[in-house]
Amino acid sequence: MKWFNRKSNLDEMQELQLLKAESRGFWIGFIGLAVAMAIQAFLYGAESMGNMISGEFIVFLCMGLYLIGSCLRNGIWDRHLKATPSVNIGLSLLAAAVTALFDAILSYRNYHDAFTALTVFAVYFLMLSVVLSVTLTVCSALYRRKRRKLEEEDSDEKD
């Protein structure tokens, strides 16, 4: 008796609906993990975060790396944004500002010192904006190289 059949029992519409459901489930899990980690960090502070959210962080990191890897492998960047330097810098600055603000709020909550919180914001913002800009630049270069390769393969098939 054969338990697993490689032939799909779904028609094209059902396949599309299943892909949409899987995609929504992935994003609910991804965003849910991010929110859960942020809430735990805010409620319990930085000193207890390491042990408390390490499991969530590992799952979150694996989900993010898988998504990035599979998108780059398939030559996909984004539905709405282009892989341009200005978009990369803008997104890097936005993500760095949000993260630095979160860390500055945590710092102020823990130490009740506005100068320390402002310093945390400035340092985190500068470090993260540089790291994220470089990372997005490297990823967009990999994306462009993969797109060229796919377009060359497509034109070779047409000839």
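Residues numbered from 1 in each chain as written. Predicted model: local features only at pLDDT ≥ 70, side-chain atom pairs only at ≥ 80, totals over all residues. Heavy atoms only, no water.

### Describing the packing of aromatic side chains
- Under the criterion given, the structure shown has 6 aromatic pairs.
- With a centroid separation of 5.3 Å and an interplanar angle of 85°, the aromatic rings of F26 and W27 are classed as edge-to-face.
- Seen in terms of ring centroids, W27 and F30 are 5.5 Å apart; in terms of plane orientation they differ by 85°. Their pairing is edge-to-face. Of this pair, W27 and F30 both sit in helix α1 (residues 12–44), 3 residues apart, which is roughly one turn of that helix.
- Using a relative accessible area of 37% as the deciding quantity, one classes W27 as partly exposed.
- Ring pairing ties together the aromatic residues F26, W27, F30 and F60, which thus form one cluster.
- The side chain of R109 reaches across the aromatic face of F42, ending 5.6 Å from its centre. (Phe/Tyr/Trp six-rings, centres within 6.5 Å; stacked < 30°, edge-to-face > 60°. Helix = DSSP H or I, 4+ residues; strand = E, 2+ residues; numbered from the N terminus. Buried < 20%, exposed > 50% of the residue type's maximum accessible area, 1.4 Å probe, protein only. Lys NZ or Arg CZ within 6 Å of the ring centre and 35° of its normal.)

### Some words on the packing of α1 against helix α3 (residues 54–73)
- Running from N to C, α1 and α3 cross one another at 140°; their axes reach a closest spacing of 10 Å. With respect to α3, the axis of α1 lies oblique. Classified by chirality, the crossing of α3 by α1 is left-handed. Contacts between α1 and α3 pair F26, W27, G29, F30, L33, A34, M37 and Q40 from the former with E56, F57, V59, F60, M63, G64 and L67 from the latter. (Axes fitted to C-alpha atoms, helices over the stretch in contact; angles between N-to-C directions. Parallel < 35°, antiparallel > 145°, perpendicular 65-115°, else oblique. Left-handed = near helix turned anticlockwise from the far one by under 90°. Contact = heavy atoms within 4.5 Å.)

### A short note on α1
- Taking 1.5 Å of rise per residue, the 33 residues of α1 would be expected to cover 48 Å, and the 47 Å separating its terminal C-alpha atoms lies within 8% of that figure.
- When α1 is considered as a whole, its buried residues turn out to be F30, L33, M37, Q40 and A41.
- Just beyond α1, the residue with positive phi is G45, at close to 80°. (Expected span 1.5 Å × (residues − 1).)

### Re the layout of surface pockets
- Considering only enclosed or pocket space, the largest pocket measures out at about 1,600 Å³ in volume.
- For the largest pocket, the lining is made up of 36 residues, of which W27, F30, G64, L67 and I68 are closest to its centre.
- Among the secondary structure elements, those contributing two or more residues to the lining of the largest pocket are α1, α3, α4 (85–111) and α5 (114–158).
- Examining the composition of the lining of the largest pocket, we find that 11 residues originate from one element, α3, more than from any other.
- Counted by class, the lining of the largest pocket contains 25 nonpolar, 8 polar and 3 charged residues. (1 Å grid on protein atoms, 1.4 Å probe; cavity = no way out; pocket = protein on both sides within 12 Å on 5 of 7 lines; lining within 4 Å. Points joined across faces, edges and corners; volume = space filled by probe spheres on them. Nonpolar A, V, L, I, M, F, W, Y, C, P; charged D, E, K, R; others polar.)

### Here's the deal with the state of the cysteines
- All chains considered together, the criterion is met by 0 disulfides.
- Here C62 stays free of any disulfide, with the sulfur of C71 as its closest cysteine sulfur at 16 Å.
- Looking at the unpaired C71, the closest cysteine sulfur is the one in C139, lying at 10 Å. (Disulfide = S-S within 2.5 Å.)

### Some points on the environment of F57
- Relative to the helices and strands, F57 resides in helix α3.
- Along the sequence, F57 and A34 sit 23 residues apart, while their C-alpha atoms lie 8.3 Å from each other.

### Regarding the nonpolar core
- In terms of nonpolar packing, the biggest core is built from 6 residues, these being F30, L33, M37, I53, F60 and M63.
- Counting residues per element, this core draws most heavily on α1, which supplies 3 residues.
- Beyond its immediate sequence surroundings of up to four residues, I53 is in contact with M37 and Q40. (Core = buried A, V, L, I, M, F, W, Y, C linked by side-chain atoms within 4.5 Å.)

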